[in-house]
Amino acid sequence: MATSEAILQVLSGAVPRLFYSEPCSNNSNSRLSLKHRVSRRQKKGSQLMQRVDFSRSSRNCMRVYALDGLHGFSHGNALNVRLESGSCKCQHAGSVDAVTAEDEHGGRSSNSWNSQKVEAAQQMNNENGSVASMEKLASTRTINSTPNRVSADSTDDEAWNLLRESLVYYCGNPIGTIAANDPTDTSILNYDQVFIRDFIPSGIAFLLKGEYDIVRNFILYTLQLQSWEKTMDCYSPGQGLMPASFKVRTVPLDGDDSAYEEVLDPDFGEAAIGRVAPVDSGLWWIILLRAYGKCSGDLSVQERVDVQTGIKMILKLCLADGFDMFPTLLVTDGSCMIDRRMGIHGHPLEIQALFYSALLCAREMLAPEESADLMRALNNRLIALSFHIREYYWTDMSKINEIYRYKTEEYSYDAVNKFNIYPDQIPPWLGEWMPNKGGYLIGNLQPAHMDFRFFSLGNLWSIVSSLATIDQSHAILDLIEAKWADLVADMPLKICYPALEGEEWRIITGSDPKNTPWSYHNGGSWPTLLWQLTVACIKMNRPWIAENAVKIAERRISRDKWPEYYDSKRARFIGKQAHLYQTWSISGYLVSKLLLANPDAAKILVNVEDVELANAFSCMLSANPRRNRVRKGPKQSFIV
């Protein structure tokens, strides 16, 4: 198509989308590419469902071209493109009509398209070169949706401005937020990438603000990054694994200096520090998917064939049989928010709480008529997991006294000390620190090992997901209030307590210089944990706890330039290696403010305890030889 004809079609609205794509030849620069697999299925009106499948081995990818002679047109700072004639051979990666019929949330609005036509006309008159702008984009990867930034009149306004400035675009669509956006930081490492776990509070903030498109795009694009195919290469991700993060890269096409392609480059842990694959990414993805449906009312996304398949793949990966005999997930160090060696290998509480929540969310969204076997396995796991965590992870003064008098080397099915825990494992600090009123779920449990550290995220999400009982949930909040000076202090919230020190720190962390005592993951304070605290407090009708924590954060978090974490026992220092303008510190604060202003909105994240699960749990308690009381319940046996 002639260039002038392309311009006329853009201005007249004849071209329906800003970006066109076509399959490209094998290219060694491509890190990720499209691979189509069409599955036909009769579902609600005989719609043709097309599954867009990503593979690390295939090489058909989205092409984005520079506009010949006219220096392109842009969406914000998005890639300049050249419109090509002919039909689009590759479906638009994130569009609804690529997989199912368009619904009320699909596609761009007419206002957005009209504004793009105006931007196109203005940009076409610009005589500056487009290649330089592409190179600049490739290095920053952030798109400022508000070019002339509004001056912040308050901390909230500043936070929203910063959050929007952290948006990342792919093929013209906002698909996430980068981890940190400090323009003065020269050692950005992978903080210019979109992390799945980091985007969760950003996504929730946009949902609560009524801006659903970015969350929808994030869900669909990250689904395409999921590992769908098994390989024999031991360095390839397992089937169903979600990446820890991804980056939008702009790379030149071979043999054409004016043509560029935009690719999504996922990291499944092969480039991460420690080379550990993420366990929590897929679990957070399921939780956000449910929140999107509940908040927007758009259930078409979770009903799509590819989304249903993605949920099943994550669950099958988590529910796979292995040598482990516990209902909890067995994972390595560094597989969650604490992504470095911190002695949490085994069955860390954070993963178990997210796992339980994801199972409940998936059960709501899966089509039961097509997932009977999976639903059965899911329900059995929920019952066993809830019993295991509530019974064996819980500690308070009563439980500490019980452990202190444990007998060891018990061999029988009726053993009280099932995991052969030696009383000497009770750390000296615990007896002094544990309040008379209150308790918490310990960080980890394995044979002959109990990690008595208090981990905030695991305990808070156990409340949110109803993994903890109502009494346990109140006791956790009682402990937070009683130990406010230790867990909140001058900046909420301690990621764990206490920190590892001395020889213990050297052995467990490998002398990690970033995880020194009371820093980073080792007892550092993380403002992003505010939003989980807020959801937990709202669920238990104790919002004043979160309100007090938010007030403390407001005193200095903006002045300190929204750091990633704080150091020292009272969080007096900005983290020595903390990145500033950390996106999930910003979004965590915003989510807390939005939820406190509208507590009913927390329902999109909360899991209400299932009556059948509660009855099954009571049945298992009554069969436990440690319990003398008898409870009525269904006569059904469960293996724990």
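The preceding data block contains the structure.
This structure is a prediction, so every number in the text was calculated from the model and none was measured. (Residues numbered from 1 in each chain as written. Predicted model: local features only at pLDDT ≥ 70, side-chain atom pairs only at ≥ 80, totals over all residues. Heavy atoms only, no water.)

A. Looking closely at the sheet that holds strand β10 (residues 440–446). Across the sheet, which stays open at both edges, the four strands sit in the order β9-β10-β11-β12 with antiparallel pairing between neighbours. Strand pairing shows two members of the sheet lacking a second neighbour, β9 (394–395) and β12 (496–497), which therefore form its edges. Note: β9 against β10, two bridges, orientation antiparallel. Within β10, the residue paired with Thr-395 across the bridge is Tyr-440. Lying over the sheet, helix α14 (residues 456–464) contacts β10 and β11 (449–455), oriented at roughly 80° with respect to β11. (Pairing = 2+ DSSP bridges. Helix = DSSP H or I, 4+ residues; strand = E, 2+ residues; numbered from the N terminus. Contact = heavy atoms within 4.5 Å. Axes fitted to C-alpha atoms, helices over the stretch in contact; angles between N-to-C directions.)

B. The pattern of salt bridges, seen in detail. For the coordinates displayed, the defined rule picks out 19 salt bridges. A salt bridge links Asp-373 to Arg-376, with the shortest nitrogen-to-oxygen separation between them at 3.0 Å. Of this pair, Asp-373 and Arg-376 both sit in helix α11 (residues 372–392), three residues apart, which is roughly one turn of that helix. The exposure class assigned to Asp-373 is exposed, which follows from its relative accessible area of 57%. For Arg-376, a relative accessible area of 49% gives the class partly exposed. Its salt-bridge partner being Asp-560, residue Arg-556 comes within 2.9 Å of it at the nearest N-O pair. The same class applies to Arg-556 as to Asp-560, namely buried. A cluster of three or more residues bridged by salt bridges with shared partners is formed by Asp-156, Glu-554 and Lys-593. (Salt bridge = Lys/Arg side-chain N within 4 Å of Asp/Glu carboxyl O. Buried < 20%, exposed > 50% of the residue type's maximum accessible area, 1.4 Å probe, protein only.)

C. Here's a closer look at the nonpolar core. In this structure, Trp-285, Ile-286, Ile-311, Leu-315, Tyr-440 and Trp-531 are the most contacted members of the largest nonpolar core, which totals 159 residues. It is helix α10 (residues 349–365) that provides the largest number of residues to this core, a total of 12 residues. If sequence neighbours within four positions are ignored, Trp-531 has contacts with Ile-200, Pro-201, Ile-204, Trp-284, Trp-461, Gly-588, Val-591, Ser-592 and Leu-605. (Core = buried A, V, L, I, M, F, W, Y, C linked by side-chain atoms within 4.5 Å.)

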